There are 10 protein chains.
Amino acid sequence: MLFLVNIDVEMPAATPQEVKDDLRARENARAMELIKAGKLRRIWRIVGQTANYGIWEADTLEELHANLGSLPMYPYFKVEVTPLIQHPATEAWSKVNGAMPPF
Amino acid sequence: MLFLVNIDVEMPAATPQEVKDDLRARENARAMELIKAGKLRRIWRIVGQTANYGIWEADTLEELHANLGSLPMYPYFKVEVTPLIQHPATEAWSKVNGAMPPF
Amino acid sequence: MLFLVNIDVEMPAATPQEVKDDLRARENARAMELIKAGKLRRIWRIVGQTANYGIWEADTLEELHANLGSLPMYPYFKVEVTPLIQHPATEAWSKVNGAMPPF
Amino acid sequence: MLFLVNIDVEMPAATPQEVKDDLRARENARAMELIKAGKLRRIWRIVGQTANYGIWEADTLEELHANLGSLPMYPYFKVEVTPLIQHPATEAWSKVNGAMPPF
Amino acid sequence: MLFLVNIDVEMPAATPQEVKDDLRARENARAMELIKAGKLRRIWRIVGQTANYGIWEADTLEELHANLGSLPMYPYFKVEVTPLIQHPATEAWSKVNGAMPPF
Amino acid sequence: MLFLVNIDVEMPAATPQEVKDDLRARENARAMELIKAGKLRRIWRIVGQTANYGIWEADTLEELHANLGSLPMYPYFKVEVTPLIQHPATEAWSKVNGAMPPF
Amino acid sequence: MLFLVNIDVEMPAATPQEVKDDLRARENARAMELIKAGKLRRIWRIVGQTANYGIWEADTLEELHANLGSLPMYPYFKVEVTPLIQHPATEAWSKVNGAMPPF
Amino acid sequence: MLFLVNIDVEMPAATPQEVKDDLRARENARAMELIKAGKLRRIWRIVGQTANYGIWEADTLEELHANLGSLPMYPYFKVEVTPLIQHPATEAWSKVNGAMPPF
Amino acid sequence: MLFLVNIDVEMPAATPQEVKDDLRARENARAMELIKAGKLRRIWRIVGQTANYGIWEADTLEELHANLGSLPMYPYFKVEVTPLIQHPATEAWSKVNGAMPPF
Amino acid sequence: MLFLVNIDVEMPAATPQEVKDDLRARENARAMELIKAGKLRRIWRIVGQTANYGIWEADTLEELHANLGSLPMYPYFKVEVTPLIQHPATEAWSKVNGAMPPF
């Protein structure tokens, strides 16, 4: 199952730089584990914002929730989850060409 | 360049079925051309809605606009475009592991 | 998997009564099939509105989408899907008492 | 009477962990009492959020208000209450099959 | 039980005057029956709008829904229901003075 | 003149209990004075919220503003005022039956 | 009593020109009567919009409602009424200088 | 040029009374200067709110911005500016009657 | 004076192609006149939308309103006007370097 | 590529004046570098607000994000980016007259 997850990180501007740096280091380390595990499929930053859109894969909703909650910055997140399914255009493509082109 | 594009298709419920069918057939055909050209990277339907999220690639903003406008259902679209860049987690991943896992 | 689904039925006020009656009869018949199949767990009308909240169960997101789309009034729906997981209170209850009380 | 209650828990991120733990322990204990009393029929967490949807039963509006207010985290709640009634599909089901399937 | 009900009447501007007049006459007649039955306690028009706020009494949520739906203009309504309970100030008043002053 | 006044009380969760208690005691005392003076006709709490709806009477807009501002919790209020007039249904009732039934 | 009234005129773009012209002529004629009667104190068009802000005077809320409803374009209005009182700055001015400068 | 300016004053409830008093005194003094200079034509308080609507006159946009910024409470303002022009009804009035009636 | 003007063109999807073509031809012709007159300084299409942002210059608000209204598609516009002044960064630049770089 | 960027600067009112002054001085210095580099094409303040609209040029989305993030006040920004392309009116102008008039 795939989900589009929008995460807006609302950390107080006054947070000390070393706290931010530590959180970000641990955040990236955990994100890399989730990428390796095939759970965080893609993630992009929104231009001009401390927010991101990610494509998350999960076998269960519980797994998705646990993975989001495992990120060290989770207490500062505002999260919106949108369940996704295959689009007819992808289905039409796959019938003729097999898998979508890599990207 | 990558963009998250949210398309909400607002076709009147009273549209005759054959008009809808024709539009959808041409829509999928054009979408497949865009997939083949590497412009429509991924597209998913939102569960329960006649709306979708897509990851679009474009060399220029003009190209993105033209590609969106080339879809036969464009007159019925409500479109929102969000410019995306690489997320630090992806960057950290790439330094160690190279490309993101295929999906 | 469970989902809270909010469905707002936006049928034009001018729709002929016999069209409405036919749609509603078929809507209820299909809903009963979904209840029987264990897919539509509970559904309630919102007081004063032609809208409802339902608890839907699905093995996959594709199944949920297909079940929503199988309802005859679907073209008139405005749908919002919220993915749900077990609440800690339910978990605490289940450890001590087993299943939740029937309702 | 049944009500859909949406509770968004807005606790400051800086709240000490032991305060949070104590509140959550007492919150779950009180929730279990409400489940036992047949007042909190079902409750689910929204994926990715410190928010929940619950189906609450009450003989009076005063009782519903008192039960919500009896939760230790109530001062941090943002609450929305939606009054619910039986949906025609449930009514149609009950005429033929009796009670809804357990879940 | 008391409810604040906000009703916004959205009748197309092009509705023929005699249709409007007939609807309004039947609307007022039905409203008077509801007043007499003690179900519609008070109703006021919002200045400058074809909308109203009413204080509705009901023994059950089903009754409230049925009473709202019994109004001839119901198909043109956009309804919001807010459940109300006694305010502490009213409670304090009643302990000392008994019933609230008539109005 | 009658006004529907929606008051949302936004007191910080960290406010000391004795400060809250004192404010609430003085709030109720002042509210009772306004009830006695015929200025606060009815007031109800919204279920699940520290908010209320009230029907306020005033000879002038200045009087309404002064009465709202005289409440000790006013600095924590978010207020919305909706001017009300007699609804045609009430008018129709009064012509036949005189005053509205007491409530 | 003074009120700020925001009127958004939502006439269908397809309305025949002669219907629009007739409505506008009668609208202006009625507005002039209201100006003469001291009820419509000032009215301005919002730049780029078929909408206006007006300062309306009324002895009663009923009068304000009747005056708004007497405008021929009223069926196409979306109206918002904001009750106004004297601002402390005006009060301070008046104590020293008497009436506000004419404008 | 005329502008409708909506100012919402968002001062923290915890601001010491003497700070508020000093700010308000200087605010009113500066407002009176702006009235005298013909720049602040009219200003009203919104009933029940620490917010106001004013009609501001300015020869340039820079002047309007500077005048708003010259108010001592400006750091606590949330401001919305709406550019206004003469309404056709005023124009029609002026052709026949000259200036609008004083108010 | 400069204004940022956001124009959303809401033409019914069913508008005949020749009507659209004629409107667009006249729209562009009129826009070119406004560019030549120095009134429409810059205009850009929003990617994926039949909407635009423009920088408009005007000596008076009346002139801005008249120029917007002179566009043949004006009846289909939804317009928002934002008054602009020089930003401190531009001012700082101009002191040192004179005019902004051409673009 | 051009982008309309709306920046709302949300600095706490309590920020010490010398901190604000230092930030503003460095902000303007950096903005001037971006103007010189042809990246910040135009920037205007919104009347009455600590917010601005700017026309930003960038060869890549990464460049735009980096340039926005290089501003010293960036931690206090709320940013919205709108991708822009040439409007048909500009295109029509350019065919006949070449470049747009300088401004």
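Look up: the structure comes first, before these words.
Here goes a summary of the coordinates provided. All of these numbers come straight from a predicted model, not from anything done at the bench.

1. Some words on the relation of the copies chain C and chain D
Superposing chain C onto chain D takes a rotation of 180° combined with a translation of 0.0 Å along the rotation axis, leaving an RMSD of 0.0 Å. Look at the turn and shift together and you get a two-fold axis relating the two. Using C-alpha coordinates, one finds that chain C approaches the rotation axis most closely at P102 of chain C, a distance of 3.1 Å. Residue by residue, 100% of the interface of chain C is reproduced at the interface of chain D, so both copies engage with the same surface.

2. Quick word on the packing of helix α3 (residues 88-97) of chain A against helix α1 (residues 17-36) of chain B
Angle between the axes and distance between the axes are the two parameters that describe a pair of packed helices. α1 of chain B packs onto α3 of chain A with a crossing angle of 70° between their chain directions and a minimal axis gap of 9 Å. The angle between the axes of α3 of chain A and α1 of chain B places the two elements in the roughly perpendicular class. Judged by the twist between their axes, the crossing of α3 of chain A over α1 of chain B is right-handed. Of the residues in α1 of chain B, those in contact with P88, A89, A92, W93, V96 and N97 of chain A of α3 of chain A are N28, A31, M32, I35 and K36 of chain B.

3. Notes on the interface of chain B and chain A
Listed per partner, the contact involves 35 residues of chain B and 35 residues of chain A. Here chain B packs against chain A, burying approximately 3,600 Å² in sum over the two surfaces, 75% of which is carbon and sulfur. Applying the counting criterion to the chain B and chain A interface returns 0 salt bridges. Of all elements in the fold, only β1 (2-9), α1, β2 (40-46), β3 (51-57), β4 (77-86) and α3 (88-97) of chain B reach the threshold of two or more residues within the side of chain B that touches chain A. A per-class count over the side of chain B that touches chain A returns 24 nonpolar, 7 polar and 4 charged.

4. A word on the sheet that holds strand β2 (residues 40-46) of chain J
Taken together, 8 strands build a closed barrel; the order of strands is β1(I)-β3(I)-β2(I)-β4(J)-β1(J)-β3(J)-β2(J)-β4(I) and the barrel is antiparallel. The sheet shows a mean angle of 35° between the axes of neighbouring strands, taken without regard to direction. As paired strands, strand β2 (residues 40-46) of chain I and strand β4 (residues 77-86) of chain J are joined by 3 bridges and run antiparallel to one another. Considered in β4 of chain J, the bridge of I46 of chain I is made with L84 of chain J. Of the strands in this sheet, β4 (77-86) of chain I together with β2 of chain J are in contact with helix α3 (residues 88-97) of chain I, which crosses β4 of chain I at around 45°.

5. Things to note about the pattern of salt bridges
Overall, the coordinates contain 50 salt bridges over all chains when judged by the stated rule. Within the structure, one salt-bridge network assembled from shared partners comprises K39, D59 and E63 of chain A.

6. Structural notes on the sheet that holds strand β1 (residues 2-9) of chain C
Pairing is antiparallel around the closed barrel formed by 8 strands, whose spatial order is β1(C)-β3(C)-β2(C)-β4(D)-β1(D)-β3(D)-β2(D)-β4(C). Ignoring strand direction, the axes of neighbouring strands in this sheet form an average angle of 35°. Pairing of strand β1 (residues 2-9) of chain D with strand β4 (residues 77-86) of chain D, which is carried by 8 bridges, proceeds in the antiparallel orientation. Paired with N6 of chain D across the strands is E80 of chain D, a residue of β4 of chain D.

7. What to know about the interface of chain C and chain D
Each partner contributes residues to the interface: chain C has 35 residues there, and chain D has 35 residues. Both sides together, the interface formed by chain C and chain D hides about 3,600 Å², and carbon and sulfur atoms give 75% of it. On inspection of chain C and its partner chain D, the count reaches 0 salt bridges. Here chain C is connected to chain D by 8 residue pairs in polar contact (both at pLDDT 80 or more). If you list the elements that add at least two residues to the side of chain C that touches chain D, you get β1, α1 (17-36), β2 (40-46), β3 (51-57), β4 (77-86) and α3 (88-97) of chain C. Here the residues of the side of chain C that touches chain D sort into 24 nonpolar, 7 polar and 4 charged.

Parameters at a glance
Residues numbered from 1 in each chain as written. Chains lettered and ligands numbered in written order. Predicted model: local features only at pLDDT ≥ 70, side-chain atom pairs only at ≥ 80, totals over all residues. Heavy atoms only, no water. Least-squares fit on C-alpha atoms with pLDDT ≥ 70 in both. Contact = heavy atoms within 4.5 Å. Axes fitted to C-alpha atoms, helices over the stretch in contact; angles between N-to-C directions. Helix = DSSP H or I, 4+ residues; strand = E, 2+ residues; numbered from the N terminus. Parallel < 35°, antiparallel > 145°, perpendicular 65-115°, else oblique. Left-handed = near helix turned anticlockwise from the far one by under 90°. Buried area = accessible area lost by both parts, 1.4 Å probe. Salt bridge = Lys/Arg side-chain N within 4 Å of Asp/Glu carboxyl O. Nonpolar A, V, L, I, M, F, W, Y, C, P; charged D, E, K, R; others polar. Pairing = 2+ DSSP bridges. Polar contact = N/O pair within 3.5 Å; in protein donor to acceptor, adjacent residues only side chain to side chain.

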